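Survey of secondary and tertiary structure
Here's the letter readout for the chains.
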Amino acid sequence: MESIDQKIMAFVGTEECSDLISELARYTDRIYAAVSDSYGRSSSPGGNITLISSFLDAEGIQRWMDRTGIEVIIDGTSPDAEASELIRSKASENGIEYLHIKKDYTLSRGIHVCEKRDEIISGLRYTSEKILIESPDMYSFLTENGIDASRLVVMTKPDPGEISALRSAGCEEKNMLCFGMKLSSGFLLSLFDELAVSYYIISPQSRGMAEKSEALNHSDVKAFLDGALKEEEGMTGSEMLSMLKKRYGLR
(Lines give C-alpha, C1' and ligand atoms only; values in the text may rest on other atoms or scores of the structure.)
Protein backbone atom coordinates (compact mmCIF):
# COMPACT_ATOMS: atom_id res chain seq x y z
CA MET A 1 0.00 0.00 0.00
CA GLU A 2 1.22 3.50 -0.84
CA SER A 3 2.21 5.44 2.27
CA ILE A 4 4.13 8.42 3.62
CA ASP A 5 7.15 7.37 5.65
CA GLN A 6 7.83 10.68 7.43
CA LYS A 7 6.15 12.38 10.36
CA ILE A 8 4.61 15.69 9.32
CA MET A 9 3.53 18.63 11.44
CA ALA A 10 1.26 21.18 9.77
CA PHE A 11 0.11 24.60 10.94
CA VAL A 12 -3.28 25.02 9.31
CA GLY A 13 -4.74 28.48 8.74
CA THR A 14 -6.07 28.39 5.18
CA GLU A 15 -8.48 26.20 3.24
CA GLU A 16 -5.66 25.41 0.82
CA CYS A 17 -3.58 23.93 3.64
CA SER A 18 -6.58 22.09 5.10
CA ASP A 19 -7.28 20.48 1.72
CA LEU A 20 -3.62 19.49 1.33
CA ILE A 21 -3.47 17.81 4.76
CA SER A 22 -6.77 16.01 4.17
CA GLU A 23 -5.37 14.56 0.95
CA LEU A 24 -2.06 13.52 2.58
CA ALA A 25 -4.01 11.89 5.43
CA ARG A 26 -5.25 9.28 2.93
CA TYR A 27 -1.73 7.82 2.99
CA THR A 28 -0.63 8.13 6.63
CA ASP A 29 -1.77 8.53 10.23
CA ARG A 30 1.46 10.31 11.20
CA ILE A 31 0.30 13.89 10.62
CA TYR A 32 0.03 16.36 13.49
CA ALA A 33 -2.10 19.39 12.58
CA ALA A 34 -2.18 22.56 14.68
CA VAL A 35 -5.53 24.23 13.96
CA SER A 36 -5.78 27.16 16.39
CA ASP A 37 -7.62 30.23 15.05
CA SER A 38 -4.37 32.10 15.71
CA TYR A 39 -3.02 30.47 12.56
CA GLY A 40 -6.03 31.62 10.53
CA ARG A 41 -9.68 30.68 10.28
CA SER A 42 -10.22 27.58 8.16
CA SER A 43 -11.98 24.24 8.39
CA SER A 44 -10.05 21.48 10.12
CA PRO A 45 -8.50 18.83 7.87
CA GLY A 46 -10.09 15.40 7.82
CA GLY A 47 -8.63 11.93 8.11
CA ASN A 48 -6.86 9.87 10.75
CA ILE A 49 -4.61 12.67 12.01
CA THR A 50 -3.76 14.21 15.38
CA LEU A 51 -5.40 17.62 15.81
CA ILE A 52 -3.80 20.19 18.13
CA SER A 53 -6.40 22.84 18.93
CA SER A 54 -4.32 25.15 21.12
CA PHE A 55 -1.85 27.79 19.90
CA LEU A 56 1.75 26.59 20.24
CA ASP A 57 4.41 29.01 21.41
CA ALA A 58 8.12 28.24 20.94
CA GLU A 59 8.17 25.81 23.89
CA GLY A 60 4.99 24.12 22.73
CA ILE A 61 6.33 23.54 19.22
CA GLN A 62 9.56 22.17 20.68
CA ARG A 63 7.69 19.75 22.94
CA TRP A 64 5.75 18.32 20.02
CA MET A 65 8.91 18.01 17.95
CA ASP A 66 10.74 16.22 20.74
CA ARG A 67 7.80 13.96 21.61
CA THR A 68 6.93 12.83 18.09
CA GLY A 69 10.14 13.07 16.06
CA ILE A 70 8.71 15.44 13.43
CA GLU A 71 10.62 15.31 10.12
CA VAL A 72 8.70 17.81 7.96
CA ILE A 73 7.00 21.09 8.88
CA ILE A 74 4.27 22.53 6.64
CA ASP A 75 3.49 26.19 7.29
CA GLY A 76 -0.02 26.86 6.01
CA THR A 77 -0.80 29.81 8.25
CA SER A 78 -2.98 32.66 7.06
CA PRO A 79 -1.16 35.68 5.58
CA ASP A 80 -2.34 37.88 8.44
CA ALA A 81 -1.19 35.44 11.14
CA GLU A 82 2.01 36.28 13.02
CA ALA A 83 3.30 32.75 13.62
CA SER A 84 5.22 32.10 10.39
CA GLU A 85 8.56 33.46 11.57
CA LEU A 86 8.37 31.41 14.79
CA ILE A 87 7.50 28.23 12.89
CA ARG A 88 10.31 28.78 10.39
CA SER A 89 12.77 29.52 13.19
CA LYS A 90 11.91 26.37 15.17
CA ALA A 91 12.23 24.21 12.06
CA SER A 92 15.66 25.71 11.35
CA GLU A 93 16.85 25.29 14.95
CA ASN A 94 15.95 21.59 14.86
CA GLY A 95 17.20 20.85 11.34
CA ILE A 96 13.69 19.98 10.17
CA GLU A 97 12.55 20.50 6.59
CA TYR A 98 10.34 23.60 6.31
CA LEU A 99 7.71 23.89 3.57
CA HIS A 100 5.67 27.05 3.15
CA ILE A 101 2.35 27.30 1.32
CA LYS A 102 2.24 30.61 -0.52
CA LYS A 103 -0.87 32.36 -1.71
CA ASP A 104 -1.75 31.71 -5.33
CA TYR A 105 -2.75 35.02 -6.91
CA THR A 106 -2.50 37.26 -9.96
CA LEU A 107 -1.21 40.80 -9.54
CA SER A 108 -4.09 43.26 -9.73
CA ARG A 109 -4.50 44.99 -13.08
CA GLY A 110 -4.86 48.19 -11.07
CA ILE A 111 -1.20 48.08 -10.02
CA HIS A 112 1.16 49.96 -12.31
CA VAL A 113 4.67 48.45 -12.12
CA CYS A 114 7.21 51.29 -12.24
CA GLU A 115 10.69 50.36 -13.41
CA LYS A 116 11.87 53.90 -12.60
CA ARG A 117 10.72 56.12 -9.77
CA ASP A 118 10.25 59.02 -12.20
CA GLU A 119 7.14 57.17 -13.37
CA ILE A 120 5.66 57.50 -9.88
CA ILE A 121 6.29 61.24 -9.82
CA SER A 122 4.76 61.61 -13.29
CA GLY A 123 1.64 59.79 -12.11
CA LEU A 124 1.26 62.01 -9.05
CA ARG A 125 2.44 65.41 -10.30
CA TYR A 126 -0.96 66.95 -11.10
CA THR A 127 -2.92 65.34 -8.27
CA SER A 128 -3.88 66.54 -4.80
CA GLU A 129 -5.41 63.50 -3.05
CA LYS A 130 -3.92 61.49 -0.18
CA ILE A 131 -1.22 58.88 -0.83
CA LEU A 132 -0.53 55.72 1.21
CA ILE A 133 3.13 54.64 1.18
CA GLU A 134 5.23 51.95 2.88
CA SER A 135 8.73 53.22 3.69
CA PRO A 136 10.80 56.16 5.01
CA ASP A 137 12.78 56.04 1.78
CA MET A 138 9.67 56.65 -0.33
CA TYR A 139 8.58 59.45 2.01
CA SER A 140 11.90 61.23 1.48
CA PHE A 141 11.83 60.63 -2.27
CA LEU A 142 8.34 62.06 -2.71
CA THR A 143 8.84 65.13 -0.55
CA GLU A 144 12.18 65.88 -2.22
CA ASN A 145 10.39 65.76 -5.58
CA GLY A 146 7.67 68.24 -4.77
CA ILE A 147 4.93 66.09 -3.24
CA ASP A 148 3.30 67.87 -0.29
CA ALA A 149 4.07 65.98 2.94
CA SER A 150 0.54 66.61 4.23
CA ARG A 151 -0.76 64.21 1.54
CA LEU A 152 1.36 61.29 2.74
CA VAL A 153 0.35 58.54 5.17
CA VAL A 154 3.13 56.04 5.91
CA MET A 155 2.35 52.41 6.74
CA THR A 156 5.47 51.08 8.44
CA LYS A 157 6.71 48.31 10.73
CA PRO A 158 6.89 49.00 14.50
CA ASP A 159 10.66 49.27 14.10
CA PRO A 160 12.51 52.01 16.04
CA GLY A 161 14.93 52.53 13.14
CA GLU A 162 12.16 53.11 10.59
CA ILE A 163 10.20 55.38 12.92
CA SER A 164 13.34 57.40 13.67
CA ALA A 165 14.07 57.72 9.94
CA LEU A 166 10.54 59.01 9.32
CA ARG A 167 10.84 61.58 12.09
CA SER A 168 14.20 62.72 10.70
CA ALA A 169 12.59 63.12 7.27
CA GLY A 170 9.94 65.40 8.81
CA CYS A 171 7.01 62.98 8.98
CA GLU A 172 4.55 63.77 11.78
CA GLU A 173 3.52 60.89 14.02
CA LYS A 174 -0.15 61.42 13.18
CA ASN A 175 0.73 60.37 9.61
CA MET A 176 2.46 57.12 10.69
CA LEU A 177 0.65 53.77 10.90
CA CYS A 178 2.57 50.89 12.50
CA PHE A 179 1.65 47.27 11.77
CA GLY A 180 3.70 44.22 12.70
CA MET A 181 1.85 41.73 10.53
CA LYS A 182 0.49 41.18 7.05
CA LEU A 183 -2.92 42.77 6.61
CA SER A 184 -6.01 41.10 5.22
CA SER A 185 -7.67 42.44 2.08
CA GLY A 186 -10.75 43.42 4.12
CA PHE A 187 -8.66 45.41 6.58
CA LEU A 188 -6.87 47.19 3.71
CA LEU A 189 -10.19 48.13 2.11
CA SER A 190 -11.37 49.59 5.42
CA LEU A 191 -8.08 51.46 5.72
CA PHE A 192 -8.43 52.95 2.22
CA ASP A 193 -11.88 54.24 3.14
CA GLU A 194 -10.96 55.50 6.59
CA LEU A 195 -7.90 57.40 5.33
CA ALA A 196 -9.64 58.54 2.11
CA VAL A 197 -6.53 57.71 0.08
CA SER A 198 -6.61 57.78 -3.72
CA TYR A 199 -3.11 56.45 -4.36
CA TYR A 200 -1.05 53.61 -2.89
CA ILE A 201 2.67 53.15 -3.50
CA ILE A 202 3.71 49.57 -2.76
CA SER A 203 7.20 48.38 -1.91
CA PRO A 204 8.12 45.19 -3.81
CA GLN A 205 9.76 43.84 -0.62
CA SER A 206 6.60 44.18 1.45
CA ARG A 207 4.54 41.21 2.61
CA GLY A 208 0.98 40.34 1.70
CA MET A 209 1.00 41.16 -2.02
CA ALA A 210 -1.91 38.78 -2.63
CA GLU A 211 -4.06 40.60 -0.06
CA LYS A 212 -3.08 43.99 -1.49
CA SER A 213 -4.00 42.85 -5.01
CA GLU A 214 -7.36 41.54 -3.80
CA ALA A 215 -8.13 44.80 -1.97
CA LEU A 216 -7.19 46.88 -5.01
CA ASN A 217 -9.43 44.75 -7.22
CA HIS A 218 -12.36 45.99 -5.12
CA SER A 219 -11.25 49.60 -4.81
CA ASP A 220 -10.83 52.72 -6.91
CA VAL A 221 -7.42 53.39 -5.35
CA LYS A 222 -4.68 53.70 -7.98
CA ALA A 223 -1.49 51.80 -7.10
CA PHE A 224 2.14 52.00 -8.13
CA LEU A 225 4.62 49.18 -7.50
CA ASP A 226 8.06 50.64 -6.77
CA GLY A 227 10.19 48.32 -8.90
CA ALA A 228 10.23 44.61 -9.66
CA LEU A 229 8.05 42.35 -7.53
CA LYS A 230 9.78 40.15 -4.97
CA GLU A 231 8.71 36.55 -5.46
CA GLU A 232 7.15 35.02 -2.34
CA GLU A 233 8.97 31.94 -1.09
CA GLY A 234 7.23 28.59 -1.07
CA MET A 235 4.75 26.69 -3.20
CA THR A 236 1.02 26.84 -3.76
CA GLY A 237 -0.98 24.04 -2.17
CA SER A 238 -1.39 22.21 -5.48
CA GLU A 239 2.33 22.52 -6.26
CA MET A 240 3.22 21.15 -2.82
CA LEU A 241 0.80 18.23 -3.17
CA SER A 242 2.33 17.28 -6.54
CA MET A 243 5.84 17.51 -5.09
CA LEU A 244 5.01 15.37 -2.04
CA LYS A 245 3.16 12.76 -4.07
CA LYS A 246 6.19 12.42 -6.31
CA ARG A 247 8.52 12.23 -3.30
CA TYR A 248 6.53 9.46 -1.60
CA GLY A 249 5.52 7.64 -4.76
CA LEU A 250 1.83 8.32 -4.32
CA ARG A 251 -0.84 8.33 -7.02
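For the structure itself, look to the data block above.
Presented here is an overview of the structure given in this document. Nothing here was measured: the structure is a model prediction, and the numbers come from that model. (Residues numbered from 1 in each chain as written. Predicted model: local features only at pLDDT ≥ 70, side-chain atom pairs only at ≥ 80, totals over all residues. Heavy atoms only, no water.)

**Brief notes about the sheet that holds strand β11 (residues 222–226)**
Taken in spatial order, the six strands of this open sheet run β6-β11-β10-β7-β8-β9, and their pairing is parallel. Each having just a single partner strand, β6 (111–114) and β9 (176–178) make up the two edges of the open sheet. On average, each strand axis in the sheet is inclined to that of its neighbour by 20°, with strand direction left out of account. Pairing of strand β8 (residues 152–156) with β9, which is carried by three bridges, proceeds in the parallel orientation. Paired with valine 154 across the strands is methionine 176, a residue of β9. Seen against the sheet, helix α5 (residues 136–144) touches β7 (130–133), β8, β10 (197–202) and β11 and runs at an angle of roughly 165° to β8. (Pairing = 2+ DSSP bridges. Helix = DSSP H or I, 4+ residues; strand = E, 2+ residues; numbered from the N terminus. Axes fitted to C-alpha atoms, helices over the stretch in contact; angles between N-to-C directions. Contact = heavy atoms within 4.5 Å.)

**Overview of the packing of aromatic side chains**
Tallied over the entire structure, the rule returns six aromatic pairs. With a centroid separation of 5.3 Å and an interplanar angle of 75°, the aromatic rings of phenylalanine 11 and tyrosine 39 are classed as edge-to-face. With phenylalanine 11 in strand β1 (residues 8–12) and tyrosine 39 in the loop between β2 (31–34) and β3 (50–52), this pair connects stretches of sequence that are 28 residues apart. Classification of tyrosine 39 by relative accessible area gives buried; the value is 0%. Relative to phenylalanine 187, the ring of phenylalanine 179 has its centre 5.5 Å away and its plane inclined at 85°; by these criteria the two rings are edge-to-face. What links up through ring pairs into an aromatic cluster is the set Phe11, Tyr39 and Phe55. Stacked on the ring of tryptophan 64, the Lys or Arg arginine 67 has its end atom at 4.7 Å from the ring centre. In this structure, arginine 117 packs its charged tip against the face of phenylalanine 141, placed 5.1 Å from the ring centre. (Phe/Tyr/Trp six-rings, centres within 6.5 Å; stacked < 30°, edge-to-face > 60°. Buried < 20%, exposed > 50% of the residue type's maximum accessible area, 1.4 Å probe, protein only. Lys NZ or Arg CZ within 6 Å of the ring centre and 35° of its normal.)

**Remarks on the packing of helix α1 (residues 15–24) against helix α9 (residues 237–248)**
Contact pair α1 / α9: the axes reach a minimum separation of 9 Å and the direction vectors enclose 20°. Here α1 lies roughly parallel to α9, going by the angle between them. Along this stretch, α1 crosses α9, giving a crossing that reads as right-handed. Residue-level contacts link Glu16, Leu20, Glu23 and Leu24 of α1 to Gly237, Ser238, Met240, Leu241, Leu244 and Lys245 of α9. (Parallel < 35°, antiparallel > 145°, perpendicular 65-115°, else oblique. Left-handed = near helix turned anticlockwise from the far one by under 90°.)

**Things to note about the pattern of salt bridges**
Tallied over the full model, the rule gives twelve salt bridges. Between arginine 117 and aspartate 137 there is a salt bridge whose closest N-O contact spans 2.6 Å. Pair noted here: arginine 117 is in the loop between β6 and α4 (118–124) and aspartate 137 is in helix α5, with a separation of 20 residues, a long-range link. Each of Glu23, Arg26 and Lys245 takes part in one network of salt bridges that share partners. (Salt bridge = Lys/Arg side-chain N within 4 Å of Asp/Glu carboxyl O.)

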